[in-house]
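What follows is the residue order along each chain.
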Amino acid sequence: MTSLLLHRAVKNNALWCDAVCAAQGQRGEFTRTLWLHRQGTPPFYPDAITLTGAESAAEQEEAIAVLTRSRSGGWGIKDSYCTLDLAPQGFTVLFEAEWIGLDADDDFDEEDGGLTWKRIETAAELADWEKAWAGGETQAAPVFGEPLLHAPQIAFLAAYSGKALQGGAILNHQADVTGHSNVFAARGKHGPVRAGLVREARRLFPGEPIVGYESGDDLENALASGFTGLGSLRIWARD
């Protein structure tokens, strides 16, 4: 079951990255072993994501070599199963993380702090949400395009205590799972925000496992609260 959930988590994440790019006007491409984007992706998003594991590593490394010769500029690769060696191509490891999953009937041991949740619906709300997600900074260009708000399988969510914004995240229901990503929270509110997010995911997309990936303290907190580790991933970068 864990390996199946891991595969769904990887596919869900690739579909989400593709949706982000499509909302900016240029969808990526899917092959048997990779999702890739030849024109350049929005900030914080990879140019390629591996969809299969060690059995395809050599094929993926060759494809990435061809891709990186076709376009100048920086590259980011999400090595979903930690099976690639891209150092000979000039890449370095940016960070490592762990895929996590929570089955539909698993308990989640965290209080939601009585937060009120709102689904973002307008371009103006999305701009405010993105600024909060970016720590109060306005990006040179928006990362998330307005078309994402009109996709029924995608939900941008904000959590409030009274009128004060306490955090938010994105839900992405594809590949028979609900992915959660871009989680942000005010100081001391990360546990309640994630707990409320789990509740919202089960309300909006009932009966589906919840997946994502985390590292560091966020990973430890998610695992302590009920998520299960599914496998490691690695982000490679090259200037």
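This is a predicted model, so every value here is computed, not measured. (Residues numbered from 1 in each chain as written. Predicted model: local features only at pLDDT ≥ 70, side-chain atom pairs only at ≥ 80, totals over all residues. Heavy atoms only, no water.)

A. Fine view of the side chain of His-37. By the secondary structure assignment, His-37 is in the loop between strand E2 (34–36) and strand E3 (48–50). Within polar-contact distance, the side chain of His-37 engages the backbone oxygen of Gln-26 at 2.7 Å. Setting aside residues no more than four positions away along its own chain, His-37 makes contact with Cys-21, Gln-26, Arg-27, Gly-28, Asp-47, Arg-71 and Trp-75. (Helix = DSSP H or I, 4+ residues; strand = E, 2+ residues; numbered from the N terminus. Polar contact = N/O pair within 3.5 Å; in protein donor to acceptor, adjacent residues only side chain to side chain. Contact = heavy atoms within 4.5 Å.)

B. Structural detail: a negative patch on the surface. A cluster of acidic residues, Asp-105, Asp-107, Asp-109, Glu-110 and Glu-111, forms a negative patch at the surface. Relative to the helices and strands, Asp-109 is located in the loop between strand E5 (92–102) and strand E6 (116–119). For Asp-109, a relative accessible area of 62% gives the class exposed. (Patch = residues over 30% accessible without salt bridge, like charges linked within 9 Å, V, L, I, M, F, W, Y side chains within 5 Å. Areas by Shrake-Rupley, 256 points an atom, 1.4 Å probe, with all protein chains shown as cover. Salt bridge = Lys/Arg side-chain N within 4 Å of Asp/Glu carboxyl O. Lys, Arg positive; Asp, Glu negative; His and termini not counted. Charge placed at Lys NZ, Arg CZ, Asp CG, Glu CD. Buried < 20%, exposed > 50% of the residue type's maximum accessible area, 1.4 Å probe, protein only.)

C. Local environment of the sheet that holds strand E9 (residues 177–185). Reading across the sheet, the 11 strands line up as E1-E2-E3-E4-E11-E5-E10-E9-E8-E7-E6 and stay open at both edges, with mixed pairing between neighbours. Looking at the sheet topology across the chains shown, the edges are occupied by strand E1 (29–30) and E6. Sitting on the sheet, helix H3 (residues 123–133) touches E6, strand E7 (154–161), strand E8 (164–174) and E9, and the angle it makes with E9 is about 65 degrees. Sheet strands touched by helix H4 (residues 190–204): E5, E6, E7, E8, E9 and strand E10 (210–214). Its angle to E9, the strand with the most contacts, is close to 150 degrees. (Pairing = 2+ DSSP bridges. Axes fitted to C-alpha atoms, helices over the stretch in contact; angles between N-to-C directions.)

D. How the structure looks around the nonpolar core. Counting 37 residues, the largest nonpolar core has Trp-16, Trp-129, Phe-144, Leu-148, Ile-154 and Phe-156 as the members making the most contacts within it. Of all elements in the fold, only helix H1 (2–23), E5, H3, E7, E9 and strand E11 (228–238) reach the threshold of two or more residues within this core. With 11 residues, the single largest contributor to this core is H1. Phe-156 has contacts with Trp-16, Lys-118, Arg-119, Ile-120, Leu-126, Trp-129, Phe-144, Leu-148, Leu-149, Ala-169 and Ile-170, leaving out every residue within four places of it along the chain. In terms of nonpolar packing, the next biggest core, distinct from the first, is built from 21 residues, Ile-100, Phe-108, Val-183 and Ala-201 among them. (Core = buried A, V, L, I, M, F, W, Y, C linked by side-chain atoms within 4.5 Å.)

E. Fine view of H4. With 15 residues, H4 should cover 21 Å at 1.5 Å per step; its first-to-last C-alpha distance of 21 Å lies within 8% of that length. Along H4, the residues that are buried comprise His-190, Pro-192, Val-193, Arg-194, Ala-195, Gly-196, Leu-197, Val-198, Glu-200 and Ala-201. (Expected span 1.5 Å × (residues − 1).)

F. Looking closely at the side chain of Asn-172. Along the chain, Asn-172 falls in strand E8. Given a relative accessible area of 2%, Asn-172 falls into the buried group. For Asn-172, the side chain forms a polar contact with the side chain of Gln-174, separated by 2.6 Å. When near neighbours in sequence (up to four residues on either side) are disregarded, Asn-172 contacts Asn-12, Trp-16, Gln-153, Ile-154, Val-177, Thr-178 and Gly-179.

G. Representation of H3. Restricting attention to buried positions, one finds in H3 the residues Leu-126, Trp-129, Glu-130 and Trp-133. All buried residues of H3 project into a common sector of 100 degrees when viewed along the axis, lining one side. Turned more than 90 degrees off the buried face of H3, the exposed positions are Ala-124 and Asp-128. Lining the buried residues of H3 we find E7, E8 and E9. Immediately beyond the C-terminal end of H3, within one or two residues, lies Gly-135, with a positive phi of roughly 75 degrees. (Arc of directions from axis to C-beta.)

H. Structural view of unusual backbone geometry. Of note, Cys-82 is a non-glycine position whose phi angle comes to about 55 degrees, a positive value. Within the secondary structure, Cys-82 sits in the loop between strand E4 (75–79) and E5. Phi angles above zero are rare outside glycine, and Ala-175 is one such case at about 60 degrees. On the secondary structure map, Ala-175 appears in the loop between E8 and E9.

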